[in-house]
Amino acid sequence: MSLRGSLQDMGIIDLIQFPHQGRKTGTLTVSQEGKLLATLYYNQGNLIHGESEHAKGIEAIVGLVDLEDGEFLFDNNDTAGRENNIEMDLHHAILEALRLRDERKSEENETTQEVSAMPSHTNKVLSAMLERASWMNYVCVLGQDAELVAELFGPQAGSHTTEQYEPMRASIIGFLRSYPEQGVGKLVIDQDDGMVMVQRLANGHLLLVVCGPNAVMGAMVAAVSKAVNALSEEGEAI
């Protein structure tokens, strides 16, 4: 027997608890617009296993607790052989997922506040770079510990987010740290879809610029050099 429905009819927390109330054995799948988000496995009402594309156990529930729209399907089937990766009762599992959700939201808010509180001069310099060069997609400043200090997106960046640039930032930091010679001041990368340039600032921070396919190397180098000089002349900490 299967039960199918919408999260508009049953809230996600009530849905996760639903098999427990009837001591049901089976799998609960949650999807949105045809994409599977997570699968939860129950044995006699006990939540024993959770998994999604990128997470397992309690983490799979963390990805669901804020969901408001979507579809679900509960299938009665045997899950006794499924490896347990949730070792607490359902009530505590939900509380733990909510705690982790709140903790990460708090961390994200702190990061957002730190970035939004960047000095006004730095903000103006980065904004001016994007205004003068329509082929710039993204500019950011990275601290000495590789933390994101400031970032802005150009008009051509579309729906890009800071997470999409994180692998690039991490790769560049990793390269600079592993390079045998110390004190690399400037790095230019010519790639298929544009160019990337990194230049070290006087205080040890890094200015990273990502350009689209219409960028010209000379113009990019000149724009970055001008921004570095403007930041240094102000003498404001960034």
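Here's what I pulled together on the structure shown here. (Residues numbered from 1 in each chain as written. Predicted model: local features only at pLDDT ≥ 70, side-chain atom pairs only at ≥ 80, totals over all residues. Heavy atoms only, no water.)

Section: the layout of surface pockets
Reported here for the second largest pocket is a volume of approximately 230 Å³. What lines the second largest pocket is a set of 14 residues, among which Ile-173, Leu-176, Arg-177, Arg-200 and Leu-206 lie closest to the centre. Ranked by residues supplied to the lining of the second largest pocket, first place goes to helix H5 (residues 162–178) with 3 residues. The residue makeup of the lining of the second largest pocket, split by class, is 6 nonpolar, 5 polar and 3 charged. (1 Å grid on protein atoms, 1.4 Å probe; cavity = no way out; pocket = protein on both sides within 12 Å on 5 of 7 lines; lining within 4 Å. Points joined across faces, edges and corners; volume = space filled by probe spheres on them. Helix = DSSP H or I, 4+ residues; strand = E, 2+ residues; numbered from the N terminus. Nonpolar A, V, L, I, M, F, W, Y, C, P; charged D, E, K, R; others polar.)

Observations concerning the pairing of strand E10 (residues 206–211)
Of all 6 residues making up E10, 6 are buried, and the element is well covered by its neighbours. Along E10, one buried face is formed by Leu-206, Leu-208 and Val-210 and the opposite face, lined by Leu-207, Val-209 and Cys-211, is buried too. Judged from the 6 bridges that link them, strand E9 (residues 194–200) and E10 form a sheet pairing that is antiparallel. Counterpart to Met-195 in the pairing with E10 is Cys-211. Counting the residues in the hairpin turn of E9 and E10 gives 5 residues, including Gly-204, whose phi is positive at 95°. (Buried < 20%, exposed > 50% of the residue type's maximum accessible area, 1.4 Å probe, protein only. Pairing = 2+ DSSP bridges.)

Quick notes on the environment of Pro-180
One can find Pro-180 in the loop between H5 and strand E8 (186–191). Looking at Pro-180, the relative accessible area reads 68%, which means it is exposed. Sequence-wise, Pro-180 and Asn-229 are 49 residues apart; in three dimensions their C-alpha atoms are separated by 27 Å.

Brief notes about empty space enclosed by the protein
Summed over the entire model, instances satisfying the criterion amount to 1 cavity of 30 Å³ or more. A volume near 40 Å³ is recorded for the largest cavity. In terms of lining, the largest cavity is formed by Leu-176, Val-184, Gly-185, Lys-186, Leu-187, Val-198, Gln-199, Arg-200 and Leu-206. Of all elements in the fold, only E8 and E9 reach the threshold of two or more residues within the lining of the largest cavity. Top element by residues in the lining of the largest cavity is E9. It accounts for 3 residues. Looking at side-chain class alone, the lining of the largest cavity contains 5 nonpolar, 2 polar and 2 charged residues.

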